[in-house]
Protein chains: 2
Amino acid sequence: MKRISEYAAETEAALLALNLSGRTPSSLYAPIAYALEAGGKRLRPVLVLMTVDAFGGQVDEAMRPALGMELFHNFTLLHDDVMDNSDTRRNRPTVYSKYGANAAILSGDTMLGLAQELICLVPDAALRRVMDVFNRMSIEVYEGQALDMEFETRNDVTPDEYVEMIRLKTGALLGACAEIGGILAGCDEKVCAKLHAYGENLGIAFQIEDDWLDTFGDAATFGKPIGGDINQAKKTFLYVSGMAAGTEEAKALQIAMEMPAGDMRVKTVTRIYEKMHLDESCRKASASYSAKALKAVKSTGLPEDRLESFKYLLDRLSGRKK
Amino acid sequence: MKRISEYAAETEAALLALNLSGRTPSSLYAPIAYALEAGGKRLRPVLVLMTVDAFGGQVDEAMRPALGMELFHNFTLLHDDVMDNSDTRRNRPTVYSKYGANAAILSGDTMLGLAQELICLVPDAALRRVMDVFNRMSIEVYEGQALDMEFETRNDVTPDEYVEMIRLKTGALLGACAEIGGILAGCDEKVCAKLHAYGENLGIAFQIEDDWLDTFGDAATFGKPIGGDINQAKKTFLYVSGMAAGTEEAKALQIAMEMPAGDMRVKTVTRIYEKMHLDESCRKASASYSAKALKAVKSTGLPEDRLESFKYLLDRLSGRKK
């Protein structure tokens, strides 16, 4: 098996080889090429490829559907950035900010169309299963985004509801990547369901960890200023867990979150989180989903030496230390 | 074979039976149900169903993919209305106007996801061909919309460029509907290509006719106020044909189109169109695409009595009189 960085480098080269920047009309394709140039971990195609590899499939043949999953992910970012009115992503202007809302909508739709073309480039025998997984996943992702937007106007979101939202919004796609990898390697449905569970729980662990990092992380490692979620009064795992306590501290948390955005709000809310030991419970929650993911992939019976990539991703994304 | 109105009524009943309004989260599905309640001709599923029927396929089995094409069409309307900042469609507020841009974007994405689920409900033997047609079509539709938006800021659009834009934006979907109908009826690729040509040229004829009606039609029959295109300075077939003449009249046309929006502009531009005989050449162009469509479907060798629905659609949509 290859290293994660090798799968990522091959993905990057294959993305470039699609030569999307050369297509016309350029008003449609230039924003797509711009979005894909931003780089990133290429986590989704890496997950497809490493799963195919681990289960004895042909990695080369899986590259195009793997790229399709990366394009799908980037399509969701283009539309999310319009909906969230986001100007910056990965230290660059978003497509929405650089090219406008219309370009972000239409180039996003086109990325989805291109994603599907790539995802359909699987053997005939796999097409039905792959499309079923892809279609179900895409609707789950949209449902997750809808819940995320609904939560903005609610103050009674429970931790369970929050986890369901991130399962849909983040977990479903990673679950589909691992599952499609399994399908392409010829795994049966039971194994594929376990692979799906790996990806889904990886996604949940990753998102909860991200919530933790946004408040308690190190700005340099995290890559974003600390406290962004608090300043935007986002319904994170920390916040919904705190509010669910229903204690005097929860009331204080709600009041603190209504302070004017700024350092004072960030400090006050952070202090309440610490007092409520939410920093610890958040990391514990992330670790528990990470453990679920590991258990799921182990239950496929994959030999120990082939589990390494799956463990590595969990360690890297959920921050769980061995 | 059934009548067009029967296919449309069955489509309407099958759409209702999907019970999309009952799904959650309601913030996502209520706008979808609202959009589909608007009715309309249901032209796209009707075209799938009548093609399946004419070529001896199972109409019942084609209903779900046919509904998928209707959902795809409505998804494009949701996104187009955001991009065009349109408040009204079929005499009702658009989803964009009633629920906001975010709902129109995300519910639109979800309609596309639902469309795909339905379109995949075809026999395994047809899935590859159906998906290839669908994927290619979807990207053509987006390219058409991109060109349409590019044309807004250009004053040198040629009639050929205009026809290519409407071929992509309107023709591609109707072409795909007829082609998928052929695939589901077991037609070979040659026949399917002819069916595609029927739908594509039907779409072009329909759009050119629509341009004519917007200026020279009867408000009651057309269902919209006359002169809307002129007031919005839209690059219609009439306008780009006039500008392409390069004459003194073309210069006058350009100046007239820059008058303040209102009755005076509509009257002046209409008078120039008439002076340039563009009303006649527009109808001739529509009739010529209509004739191409008829020739294409006739070349499949379909018996005369089975051609009736195909002729009926052309007469009804392109305004061509027998």
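Note that the structure is predicted; figures quoted are calculated from it, not measured.

Conventions used here
Residues numbered from 1 in each chain as written. Chains lettered and ligands numbered in written order. Predicted model: local features only at pLDDT ≥ 70, side-chain atom pairs only at ≥ 80, totals over all residues. Heavy atoms only, no water. Helix = DSSP H or I, 4+ residues; strand = E, 2+ residues; numbered from the N terminus. Rg over C-alpha atoms; globule rule 2.2 N^0.38 Å. Buried < 20%, exposed > 50% of the residue type's maximum accessible area, 1.4 Å probe, protein only. Areas by Shrake-Rupley, 256 points an atom, 1.4 Å probe, with all protein chains shown as cover. Lys, Arg positive; Asp, Glu negative; His and termini not counted. Charge placed at Lys NZ, Arg CZ, Asp CG, Glu CD. Axes fitted to C-alpha atoms, helices over the stretch in contact; angles between N-to-C directions. Parallel < 35°, antiparallel > 145°, perpendicular 65-115°, else oblique. Left-handed = near helix turned anticlockwise from the far one by under 90°. Contact = heavy atoms within 4.5 Å. Buried area = accessible area lost by both parts, 1.4 Å probe. Salt bridge = Lys/Arg side-chain N within 4 Å of Asp/Glu carboxyl O. Nonpolar A, V, L, I, M, F, W, Y, C, P; charged D, E, K, R; others polar. Least-squares fit on C-alpha atoms with pLDDT ≥ 70 in both. Phe/Tyr/Trp six-rings, centres within 6.5 Å; stacked < 30°, edge-to-face > 60°. Disulfide = S-S within 2.5 Å. Core = buried A, V, L, I, M, F, W, Y, C linked by side-chain atoms within 4.5 Å. Expected span 1.5 Å × (residues − 1). Polar contact = N/O pair within 3.5 Å; in protein donor to acceptor, adjacent residues only side chain to side chain. pLDDT = per-residue confidence, 0-100.

**Notes on the overall build of chain A**
Assigned secondary structure in chain A consists of 16 helices and 2 strands. The globule rule puts the C-alpha radius of gyration for 322 residues at 20 Å, and the 20 Å found for chain A is close to it. When the 322 residues of chain A are sorted by exposure, 58% land in the buried category. Per element, the accessible surface of chain A, about 13,300 Å² overall, is 51% carbon and sulfur. Chain A carries 38 positive and 46 negative side-chain charges, and their two centres are separated by 3 Å.

**Quick notes on the packing of helix α8 (residues 159-184) of chain B against helix α9 (residues 189-216) of chain B**
All names here are of chain B. With their axes 6 Å apart at the nearest point, α8 and α9 run at an angle of 140° to one another. The orientation of α8 relative to α9 falls into the category oblique. The two elements α8 and α9 meet at a crossing, and its hand is right-handed.

**Concerning the interface of chain B and chain A**
Often the size quoted for an interface is simply the accessible area lost on bringing the parts together. Contacts between the two partners involve 39 residues from chain B and, on the opposite side, 39 residues from chain A. With both sides pooled, the region where chain B packs onto chain A buries about 3,200 Å², and carbon together with sulfur makes up 63% of that total. If you look at where chain B meets chain A, you find 2 salt bridges. Looking at the side of chain B that touches chain A, the elements with two or more residues in it are α2 (26-37), α4 (59-83), α6 (101-119) and α7 (124-152) of chain B. Considering every element that reaches the side of chain B that touches chain A, the biggest residue donor is α7 of chain B, with 16 residues. Of the residues assigned to the side of chain B that touches chain A, the class counts are 21 nonpolar, 11 polar and 7 charged.

**As for the environment of phenylalanine 237 of chain A**
Residues and elements named next belong to chain A. Position of phenylalanine 237 among the secondary structure elements: in helix α12 (residues 237-244). Residue class for phenylalanine 237 comes out buried when judged on its relative accessible area of 10%. As for phenylalanine 237 and glutamate 161, which are separated by 76 residues in sequence, their C-alpha atoms are 10 Å apart. The residues touching phenylalanine 237, leaving out its near neighbours within four places in the chain, are Tyr162, Val163, Ile208, Asp211, Ser281, Cys282 and Ala285.

**Structural notes on the relation of the copies chain B and chain A**
When chain B is fitted onto chain A, the two copies agree to an RMSD of 0.0 Å after a turn of 180° and an axial shift of 0.0 Å. In symmetry terms, the pair is related by a two-fold rotation axis. For chain B, the minimum C-alpha distance to the rotation axis belongs to isoleucine 105 of chain B and amounts to 3.7 Å. Here 100% of the interface residues in chain B have copies in chain A that are interface residues too; the copies meet face to matching face.

**So, the packing of aromatic side chains**
Residue and element names in this part refer to chain A. Within this structure, the stated rule accounts for 16 aromatic pairs over all chains. Ring geometry for phenylalanine 72 against phenylalanine 134: centres 5.4 Å apart, planes inclined by 80°, an arrangement best described as edge-to-face. With phenylalanine 72 in helix α4 (residues 59-83) and phenylalanine 134 in helix α7 (residues 124-152), the pair connects residues that are 62 residues apart, well separated along the chain. Look at phenylalanine 134 and you get buried, because its relative accessible area is 1%. Between tyrosine 162 and phenylalanine 237 the ring centres are 6.2 Å apart and the planes differ by 55°, which places this aromatic pair in the tilted class. Of this pair, tyrosine 162 sits in helix α8 (residues 159-184) while phenylalanine 237 sits in helix α12; the two residues are 75 residues apart in sequence, bridging distant segments of the chain. Taken individually, tyrosine 162 and phenylalanine 237 each receive the classification buried, so the pair is uniform in this respect.

**What about the state of the cysteines?**
All names here are of chain A. Taken as a whole, this structure holds 0 disulfides over all chains when the rule is applied. Cysteine 187 supplies the cysteine sulfur nearest to cysteine 192, a cysteine that is in no disulfide, at a spacing of 5.2 Å. A relative accessible area of 1% places cysteine 192 in the buried class.

**Focus: the nonpolar core**
By size, the foremost hydrophobic cluster in this structure holds 164 residues, and its most contacted members are Met69, Phe72 and Tyr198 of chain A together with Met69, Phe72 and Tyr198 of chain B. Apart from residues lying up to four places away in sequence, tyrosine 198 of chain A is in contact with Leu47, Met50, Ala293, Ala296, Val297, Phe310, Leu313 and Leu314 of chain A.

**Quick word on helix α9 (residues 189-216) of chain A**
Residue and element names in this part refer to chain A. The end-to-end C-alpha separation of α9 is 40 Å, in line with the 40 Å expected for 28 residues at 1.5 Å each. Burial analysis of α9 places 21 of its 28 residues in the buried class, the great majority of the element. The N-capping residue of α9, defined by a side-chain oxygen 3.1 Å from the backbone nitrogen of lysine 190, is aspartate 188.

**A few points about the side chain of glutamine 145 of chain A**
Relative to the helices and strands, glutamine 145 of chain A is located in helix α7. Overall, the relative accessible area of 2% leaves glutamine 145 of chain A in the buried class.

**So, the confidence of the model for chain A**
On average, chain A scores 95 in pLDDT, and the residues at 70 or more come to 99%. Prediction confidence for the complex, expressed as pTM and ipTM, is 0.96 and 0.96 respectively.

**Points about the pattern of salt bridges**
All names here are of chain A. Evaluation of the coordinates by the stated rule reveals 28 salt bridges over all chains. Two residues, arginine 167 and glutamate 140, come together in a salt bridge whose shortest N-O distance is 3.9 Å. Residue arginine 167 is found in helix α8, and its partner glutamate 140 is found in helix α7; the two are separated by 27 residues along the sequence. Among the salt bridges present, the one from lysine 169 reaches aspartate 148, with a minimum N-O distance of 2.7 Å. Residue lysine 169 is found in helix α8, and its partner aspartate 148 is found in helix α7; the two are separated by 21 residues along the sequence. Counted as one network, the salt bridges with shared partners bring together Glu140, Glu164, Arg167 and Glu200.

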